[in-house]
Structures are given as C-alpha cells and as structure tokens.
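Each chain, letter by letter, is given below.
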Amino acid sequence: MPPSLLPAVLLVDGYNIIGTWHCLKKTRDYAGLEAARGELIEALISYTAFQGYETQIVFDAQYQNSSSNKEVITELLSVHYTDFGQTADTYIEKTCASLRSSLAQSLISRVIVATSDRAQQLMILGYGAEWMSAQKLCWEVEASVCRSRQKYQTRKQPKTRFLANSIDPKARDRLAELRMRTN
C-alpha cells in the first residue's frame, strides 16, 4: 500500500489548544469550557474529514473525580477524557509509545501531535511522532475550510437551459460564422 493511502493519526491536546487559539479562549472566557470544547470539536470535524486523519482530541480529567471516557464523534474523530489524576500529556505519550510499532511496521503513515507544550513536544519526538504547534493547527483548520469551500462550491447555473448561453461570446460568434458558411 502506498504511504499516502496509509492512515495518519492526529493527537490533539484539547485544553492546550483551547488555551492557545484566540477564538477558543474568548469562547471559554464568555461561554465556559464546555462551549469551547464543543467549538474545538466542530472545527476539527471538517478538518479531520478533509485531511483523512484519524483524530483523537484528548481532554484531561485531572481535577475531576471521573474515569476515562471515549466519545466517538465521527468515523475519523473521537474525544478522549483521561482518568482522574491523569494528564492529557501522559495519555498522549502512552498513545505515541503504543503507535510506535505501527509506524515501524508501516501500518500507519504518521503520528502527529498538536500542542504548544514544549516538554510534550520533546517527548513525542522521541517516539517518532511529528509535532504541530497549536497555531499551525489553527492555520491548517482555517485553510482546509477555504479549500473545502472551493472544492465543493456549486457552479453558477446558466440563466437559461441552452448550451449556447453558457459559451463565452467569442466562441458563440465563431460558431455562428461557421454555421453561416455551411448554409
């Protein structure tokens, strides 16, 4: 299987991204953390589908007395809440370690971790994963929205149903000349 057809895995440090993206910080400050999480998930649904990444957004439950939880959002996107006392960083490191053999066996093409945490960056590079800053992820999400709009933008329908009306004027005149010569 060519490398481009192998899946890539994107691990997103959810709270780190929320704390870095200006729009998500604003949402968090005015509407709460739950709203910011929802906005991040919505932003990554389209991006994940457009890129074809298997994406896991990781939120730590470090300060909540709850057990780990996984919520499947789409076929390619899932949200993971860590165990009580476990950080998203620890979860991401363990996941990178477990995916290391899949990378070596070429079962997946890449592991990408989106975070702006410098210590996390150094750790994941040691596992063979790639690092993407929170800001770069923001830019890529915005760019994919623009690309998908261009790709799926509907073409303008001709004003009438006749083919001649959708041909540019020069070509229409040339066709008229040719038609007059044959008569």
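Residues numbered from 1 in each chain as written. Predicted model: local features only at pLDDT ≥ 70, side-chain atom pairs only at ≥ 80, totals over all residues. Heavy atoms only, no water.

**So, the overall build of the chain**
Here comes step 1: From N to C terminus, the chain includes seven helices and six strands.
Here comes step 2: Walking the chain from its N terminus toward its C terminus, one meets helices and strands in the order β-α-α-α-β-β-β-α-β-α-β-α-α.
Here comes step 3: Burial analysis of the chain (183 residues in total) assigns 32% to the buried set.
Here comes step 4: Contacts in the chain between residues far apart in sequence, at least 24 positions, make up 53% of those at least 6 positions apart.
Here comes step 5: Summing over all exposed atoms, the chain offers an accessible surface of approximately 11,800 Å²; the carbon and sulfur share of this is 53%. (Helix = DSSP H or I, 4+ residues; strand = E, 2+ residues; numbered from the N terminus. Buried < 20%, exposed > 50% of the residue type's maximum accessible area, 1.4 Å probe, protein only. Contact = heavy atoms within 4.5 Å. Areas by Shrake-Rupley, 256 points an atom, 1.4 Å probe, with all protein chains shown as cover.)

**Some points on helix α5 (residues 118-126)**
Helical geometry note: an α-helix holds 3.6 residues per turn, so side chains three or four residues apart project in the same direction.
Here comes step 1: When α5 is considered as a whole, its buried residues turn out to be Gln120, Gln121 and Ile124. For α5, the angular spread of buried residues about the axis comes to 105°, placing them on one side. More than 90 degrees from the buried face of α5, the exposed residues found are Arg118, Ala119 and Leu122.
Here comes step 2: In this structure, the buried side of α5 is in contact with α4 (88-104), β5 (110-114) and β6 (130-132).
Here comes step 3: A distance of 3.0 Å separates the backbone nitrogen of Ala119 from a side-chain oxygen at the start of α5, and that oxygen is part of Asp117.
Here comes step 4: Just downstream of α5 lies Gly128, where phi reads positive at about 85°. (Arc of directions from axis to C-beta. Polar contact = N/O pair within 3.5 Å; in protein donor to acceptor, adjacent residues only side chain to side chain.)

**Here we look at the pattern of salt bridges**
Here comes step 1: A full pass over the atoms with the stated rule returns four salt bridges.
Here comes step 2: Residue Asp29 is joined to Arg28 by a salt bridge in which the shortest nitrogen-to-oxygen separation is 3.1 Å.
Here comes step 3: Accessibility expressed as a relative area gives 30% for Arg28, which makes it partly exposed. (Salt bridge = Lys/Arg side-chain N within 4 Å of Asp/Glu carboxyl O.)

**Some details on the state of the cysteines**
Here comes step 1: Summed over the entire model, instances satisfying the criterion amount to zero disulfides.
Here comes step 2: Cysteine Cys23 is unpaired, with the sulfur of Cys138 as its nearest cysteine sulfur at 5.7 Å.
Here comes step 3: We classify Cys23 as partly exposed; its relative accessible area is 39%. (Disulfide = S-S within 2.5 Å.)

**Looking at the packing of helix α2 (residues 22-31) against helix α3 (residues 33-51)**
Here comes step 1: As a packed pair, α2 and α3 sit with axes 7 Å apart at the nearest point and diverge in direction by 150°. With respect to α3, the element α2 is oriented roughly antiparallel. Judged by the sense of rotation from one axis to the other, the crossing of α2 with α3 is right-handed. Counting all contacts with α2, which are made through Cys23, Leu24, Thr27, Arg28 and Ala31, the residues of α3 involved are Leu33, Ala35, Ala36, Glu39 and Leu40.
Here comes step 2: Split by residue class, the contact of α2 with α3 holds seven nonpolar, one polar and two charged. (Axes fitted to C-alpha atoms, helices over the stretch in contact; angles between N-to-C directions. Parallel < 35°, antiparallel > 145°, perpendicular 65-115°, else oblique. Left-handed = near helix turned anticlockwise from the far one by under 90°. Nonpolar A, V, L, I, M, F, W, Y, C, P; charged D, E, K, R; others polar.)

**As for the sheet that holds strand β4 (residues 77-81)**
Here comes step 1: The six strands are arranged β3-β4-β2-β1-β5-β6 in an open sheet whose pairing can be described as mixed. Edge positions in the open sheet fall to β3 (69-72) and β6, since each of these has one partner strand only. Across the sheet, the mean angle separating the axes of adjacent strands is 20° when strand polarity is ignored.
Here comes step 2: Summarising the sheet, β5 and β6 pair through three bridges and their orientation is parallel. Its bridge partner lying in β6, Ile112 is registered against Glu130. (Pairing = 2+ DSSP bridges.)

**Examining the packing of α4 against α5**
To characterise two packed helices, one gives the angle between the axes of the helices and the distance between these axes.
Here comes step 1: Contact geometry of α4 with α5 gives a least axis separation of 9 Å together with a crossing angle of 15°. Here α5 runs roughly parallel to α4, going by the angle between their axes. Where α4 crosses over α5, the handedness of that crossing is right-handed. Here Asp89, Ile92, Glu93, Cys96 and Arg100 of α4 come into contact with α5, specifically with Gln120, Met123, Ile124 and Gly126.

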